[in-house]
Amino acid sequence: MTADAPDDDRTSFADLGLRPELLRALSGLGYEEPTPIQREAIPPLATGRDLLGQAATGTGKTAAFALPVLERMAAGGRTDPEPFALVLVPTRELAVQVSEAVHRYGRELGARVLPIYGGQPIGRQLRVLEQGVDVVVATPGRAVDHLNRGTLKLEKLEVVVLDEADEMLDMGFAEDLDAILAETPPQRQTVLFSATMPPRIDRLARQHLTDPVRITIGREQTEPGEAPRVRQSAYVVPRAHKPAALGRVLDVEAPTAAIVFCRTRDEVDQLTETLNGRGYRAESLHGGISQEQRDRVMARLRNGTADLLVATDVAARGLDVEQLTHVVNYNVPSAPESYVHRIGRVGRAGREGVAITLAEPREHGMLKTIERVTKQRIQVEKVPTVADLRARRLELTRAALHESLLEDDLEGFRVVVETLADEFDVMEIALAAVKLAHESSGAAADEEEEIPEYTPRPDRRGGTGGEPRRERKPRRPTAGMTRLFVGAGRSAGIRPQDLVGAIAGEARLHGREIGAIEIADRFSLVEVPDGAAQQVIAALRGATIKGRKVTVRRERDDHR
Ligand code: AMP
């Protein structure tokens, strides 16, 4: 594809032999390549083999079974009212989610998909079943109800999928599963996915599957030492709160340069927009981006005018950014190998790298799998709260005031304090002044919505929750770097690229040598290599940034 992303021999969805209607649907959804489970499962399923797959949520297992199911549909849609495929799932949420996925993939084929689960009025389900459906996605209990009423007919069934079979057994659905499978034609294809493979699953498989292909995602152990030494943490957040959570985590982490991995093109575009709205300089990279744009994006990242790269795996392949400090997985990667590969991009050459993973509560199991395979711990952290953000912003206000006190140009304001002091205590006056300064710095943490805290249930896979909270210490400069104070910030319209431009231009430092940049309202902090600090200070003192002369000096240790 490009010099940055060499074309390799990876399998595409087209290589898997999927029909054009499905290929168009996948491309429309922004899927760029199959996940490992899809690469392995789709070909045997397409030939009609039974399959026993060990894979957790987040691996792309839904598409792995849904696509071969849809391959079976006649072009132009079916006319039989009875379903040809039945997917059994443990919960109502999963029923809705899987049926939406099948609907999206099968839209062009006119696939009629119906979720049926308890708690929903049965009348509507009856009407739709009567009109005819192709794929039913059901919880076992409700499926049995319909079988008993004679409203779900399974004679035309060609495929049965047991999704999250371990969960279904745990929830006491074993008998229901047997009853349902007994009603299906013996020559049907049977697919069983389970996150874990306890003996009960083996028994279920022996009973109902015929000579199945076995697939495991995440069993191969990575050689010790193969996975890089990187500080690894994860945040478990509901989907709806992920953009806000990522924004906060980045605010606290303040990466110099980070790559944020997303699953699809649309996700890349949306997240780039969100992050730019939060004041980051984010650039997108995905399969739909031209070579020319790609080169531009890479140049911006290398010279420090962009700090976040939001990318799909495909687009990021082969890309080497030396100054990368953080790798962010906006979703749990679809396989442990992919996780290892992604985080291998930081922590090189003895530098500290940081890997951050956002996981939805359902994907918690996949995090455990990754920990097991990599034999490394992923620390589950709490998303910074509104109170944390507020504290951080107060800290910035305090630092700004401290700076102002050192500047020694306060005489002009003495009259204000003196006049007020006739009526108020000096402490009170100071408080009011701090409040005004704080508010005028646009520190509007109150606009942030609260993100619900996730407590993992104490399940058999063991939770990583309940970890003692690590205190967030004020950030120290990176080793080998000196932090400089620059007396102009956001309110003067200073953006990171202005500082990079000024330092690179005046002090002949390369953009990539400049470290973390933090812009507060009235000042900025920028890290430069220890050896270059004096030269940068000297050069900037004689220069202007955004047309104004600014104070530049080493940041004092007592600054915050
Ligand atoms: P699942 O493990 O089936 O719950 O899928 C996890 C998520 O990955 C879902 O949001 C899917 O839409 C998404 N997904 C599945 N396959 C792919 C793919 N090949 N490329 C990008 N996203 C995918």
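Just so it is clear, the structure is predicted and the values come from calculations on it, not from any experiment.

This paragraph deals with the sheet that holds strand S17 (residues 524-529). Across the sheet, which stays open at both edges, the four strands sit in the order S16-S17-S15-S20 with antiparallel pairing between neighbours. The sheet is open, and its two borders are formed by strand S16 (517-519) and strand S20 (552-554), each paired with just one other strand. Between one strand and the next, the sheet's axes are offset by a mean angle of 25°, whatever the strand orientation. Note: strand S15 (residues 481-486) against S17, six bridges, orientation antiparallel.

So, on to the sheet that holds strand S1 (residues 51-54). The parallel open sheet is built from seven strands, whose spatial order is S3-S4-S2-S5-S6-S1-S7. The open sheet is flanked by strand S3 (113-116) and strand S7 (213-216), the only strands paired with a single partner. Strand-to-strand twist across the sheet, computed as the mean angle between neighbouring axes with direction ignored, equals 15°. Where strand S2 (residues 85-88) and strand S4 (residues 135-138) come together, four bridges link them in parallel fashion. Residue pairing for S4: Ala 85 is matched across the bridge by Val 135.

Of the residues making up helix H5 (residues 122-131), those classed as buried are Gln 125, Leu 126 and Leu 129. End-on view of H5: buried residues confined to an arc of 100°, all on one side of the axis. Where H5 ends, the next residue or the one after it, Gly 132, has phi of about 110°, a positive value.

A few words now on the confidence of the model for the protein. In the predicted model, the protein carries a mean pLDDT of 85, and 89% of its residues have values of at least 70. Note that pLDDT drops below 50 for residues 1-7; the model gives that stretch 19 contacts with residues more than four away or on any other chain.

The next subject is the pairing of S4. Where burial is concerned, the two faces of S4 agree: the one with Val 135 and Val 137 and the one with Val 136 and Ala 138 are both buried. Pairing of S3 with S4, which is carried by four bridges, proceeds in the parallel orientation. Opposite Ile 116, over in S4, you have Ala 138 as the bridge partner. What joins S3 to S4 is H5, and the crossover it makes is right-handed.

As a further point, take unusual backbone geometry. Excluding glycine, residues mostly carry a negative phi; peptide bonds, for their part, are mostly trans. Phi angles above zero are rare outside glycine, and Glu 164 is one such case at about 50°. Looking at the element boundaries, Glu 164 is found in the loop between strand S5 (159-162) and helix H7 (165-170). Of the residues examined, Glu 164 reaches a relative accessible area of 11% and is grouped as buried. A positive phi is found at Arg 508, a non-glycine position, where the angle reads about 55°.

Let us look at the environment of Thr 312. As for its position among the elements, Thr 312 is in strand S11 (residues 308-312). Taking the C-alpha atoms as reference, Thr 312 lies 7.1 Å from Val 268; in sequence the two are 44 residues apart. Excluding anything up to four places from it in sequence, Thr 312 contacts Glu 32, Phe 261, Cys 262, Arg 263, Thr 264, Arg 265, Val 268, Leu 285, His 286 and Gly 287.

If you look at the biggest cluster of nonpolar residues, it comprises 43 residues, and the most contacted ones within it are Phe 65, Leu 67 and Val 135. A total of seven residues in this core trace back to one element, the largest contributor, which is helix H3 (residues 61-71). With residues up to four places along the chain from it excluded, the contact list for Val 135 reads Val 69, Phe 84, Ala 85, Val 87, Val 102, Arg 112, Val 113 and Leu 114.

Next up on the list: the packing of aromatic side chains. Enumeration according to the criterion identifies two aromatic pairs in this entry. Judged by centre distance (6.0 Å) and plane angle (40°), the rings of Phe 65 and Phe 193 are tilted. Remark: Phe 193 occurs in strand S6 (residues 189-194) and Phe 65 occurs in helix H3; sequence separation between them is 128 residues. Look at Phe 65 and you get buried, because its relative accessible area is 1%. Classification of Phe 193 by relative accessible area gives buried; the value is 1%. The residue whose ring lies beneath Lys 242 is Tyr 330, and the NZ or CZ to ring-centre distance is 4.8 Å.

Turning next to the pairing of S11. A large share of S11 lies buried, amounting to five of its five residues. The side-chain alternation of S11 yields two buried faces, one formed by Leu 308, Val 310 and Thr 312 and the other by Leu 309 and Ala 311. Judged from the five bridges that link them, strand S9 (residues 258-262) and S11 form a sheet pairing that is parallel. Each residue of the ladder has a partner; that of Phe 261, found in S11, is Ala 311.

So, about the packing of H5 against helix H6 (residues 140-149). Contact geometry of H5 with H6 gives a least axis separation of 12 Å together with a crossing angle of 60°. Crossing handedness for the pair H5 and H6: right-handed. Between H5 and H6, the contacting residues are Ile 122, Gln 125, Leu 126 and Leu 129 on the first element and Arg 142, His 146 and Arg 149 on the second. Here the residues of the contact of H5 with H6 sort into three nonpolar, two polar and two charged.

Definitions and limits used
Residues numbered from 1 in each chain as written. Predicted model: local features only at pLDDT ≥ 70, side-chain atom pairs only at ≥ 80, totals over all residues. Heavy atoms only, no water. Pairing = 2+ DSSP bridges. Helix = DSSP H or I, 4+ residues; strand = E, 2+ residues; numbered from the N terminus. Axes fitted to C-alpha atoms, helices over the stretch in contact; angles between N-to-C directions. Buried < 20%, exposed > 50% of the residue type's maximum accessible area, 1.4 Å probe, protein only. Arc of directions from axis to C-beta. pLDDT = per-residue confidence, 0-100. Contact = heavy atoms within 4.5 Å. Right-handed = clockwise from strand over helix to strand, strands pointing away. Core = buried A, V, L, I, M, F, W, Y, C linked by side-chain atoms within 4.5 Å. Phe/Tyr/Trp six-rings, centres within 6.5 Å; stacked < 30°, edge-to-face > 60°. Lys NZ or Arg CZ within 6 Å of the ring centre and 35° of its normal. Left-handed = near helix turned anticlockwise from the far one by under 90°. Nonpolar A, V, L, I, M, F, W, Y, C, P; charged D, E, K, R; others polar.

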